[in-house]
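In case you want the letters, here they are:
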Amino acid sequence: MRSSDLYLYMYTQSRKTRELDLSFLKLSEFPDQVLELQDLQRLVLKDNNITNLSPNIGKMNKVTELHLQRNNMLSLPEELGRLNAMTTLDLSVNRISELPPAIGGCVSMVTLRASENRLTELPPGIGSMPGLRELILNQNALSYVHPAIGNCGELLHINLANNRLTTLHASISNCRLLSRLNLADNLFTSVPPVVCTLTALTDLRFERNELTVLTPLVGNLVELRVADFSENKLNSLPRTIGNLSALVELSCNENELASLPPSMKDLYSIQRLGLSGNKLKALPSDTSLLTALRRMALSNNQLQALPPETGNMSALTELLLDSNQLNTLPVSMGRLTELICLNLDGNRLSTLPPEIAGMTALQELWMHDNKLAVIPAGWSRDRKSVV
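Residues numbered from 1 in each chain as written. Predicted model: local features only at pLDDT ≥ 70, side-chain atom pairs only at ≥ 80, totals over all residues. Heavy atoms only, no water.

## Some details on the pattern of salt bridges
Under the defined criterion, the tally for this structure stands at 13 salt bridges. A salt bridge links Asp47 to Lys46; the nearest nitrogen and oxygen atoms lie 3.7 Å apart. In this structure, the salt-bridge partner of Arg70 is Asp47, at a minimum N-O distance of 2.7 Å. Linking Arg70 in the loop between strand 3 (65–67) and strand 4 (88–90) with Asp47 in the loop between strand 2 (42–44) and strand 3, this pair joins segments that are 23 residues apart in sequence. A relative accessible area of 16% means that Asp47 is categorised as buried. What you see here is one network of salt bridges that share partners, running through Lys46, Asp47 and Arg70. (Salt bridge = Lys/Arg side-chain N within 4 Å of Asp/Glu carboxyl O. Helix = DSSP H or I, 4+ residues; strand = E, 2+ residues; numbered from the N terminus. Buried < 20%, exposed > 50% of the residue type's maximum accessible area, 1.4 Å probe, protein only.)

Here is the structure:
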């Protein structure tokens, strides 16, 4: 596109809308013609090949949204901090190694996204954004989060997944409205106590860390609806896990759990429970009280039997029991009339109770690698089964 044509395109598009989208134009540098559009409020330059942002960007003081994701940017000018009306800045998927200290001048910032870059630290200026609500920094190289983040008391969502964090500063406790915190794929060996002061949390992610223990303080997070501690080194869950009565989904797959606390029965809102890849030999009999449970994954454990009352979990639609050591199934399972998928692969079953015919919704029954000689009586061959 010729320079004159580009200008005409920009002027025509943005004169009334005050928005300009120059995505997917293979631009290699910031188009200075944009600077003439002094009333521009929303500028989209994503999916180009821009390597540097012009210092003159600081003159565009009416810009409220700047989208620069998926370019080849290496650095940002200090003048970016002059955009004090900017509420949204998206720098995702670039090669930026640091944010300029002057970014604190963006005092109106609400959403800051800089995932998939090369950031190793955050500048203190991050604390000069009192209205910041969303901070997305996953897939960087952060080993430290500046204490100034505690000044961002309006934060609702922080994503720090895929970094090099081992701890969080206590100042984050000032983020009392925080509802979503993603710390997956870091180097935490324990849940920082400060996380357990964030009592507004509804979604907490800690999968793929190095957790060896789950602090009892996690029981303070009574608003949690989703919690993921999968792929760590946990050998037990604290009794206080039962305090999390609002939990809808709990994932503890691929840990070293040998038993479950009796307080699990108090998770009366739980609908999805992931416990695959642990060392469980038995389930507490009170597990059957989880009557809202729809999906339970217990694959790759050491279960030898299920509680006789398993059939009380009448909302179950998917039950994964493959790769255990089950010899029998409780007859009460015939009452699982909502069950659609039952995976029993890789166990030691020689018979199945005839009551299984009561599972009228069952479409998939997986039974490979057992000792079964016949299909259970009452099991219809025209169902979608794998035997």
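## Section: the side chain of Asn94
Inspection of the secondary structure puts Asn94 in the loop between strand 4 and strand 5 (111–113). According to the relative accessible area criterion, Asn94 is buried, its value standing at 7%. Of the polar contacts made by the side chain of Asn94, one reaches the backbone nitrogen of Met73; its length is 3.0 Å. What Asn94 contacts, discounting residues up to four positions off in sequence, is Leu68, Gln69, Arg70, Asn71, Asn72, Met73, Glu116 and Asn117. (Polar contact = N/O pair within 3.5 Å; in protein donor to acceptor, adjacent residues only side chain to side chain. Contact = heavy atoms within 4.5 Å.)

## Things to note about the environment of Glu318
Along the chain, the position of Glu318 falls in strand 14 (residues 318–320). The spacing of Glu318 and Gly104 is 214 residues in sequence and 49 Å in space, taken between C-alpha atoms. Beyond its immediate chain neighbours, meaning those up to four positions away, Glu318 contacts Arg294, Arg295, Met296, Leu339 and Cys341. Of note is the side chain of Glu318, whose polar atom sits 3.0 Å from the side chain of Arg295.

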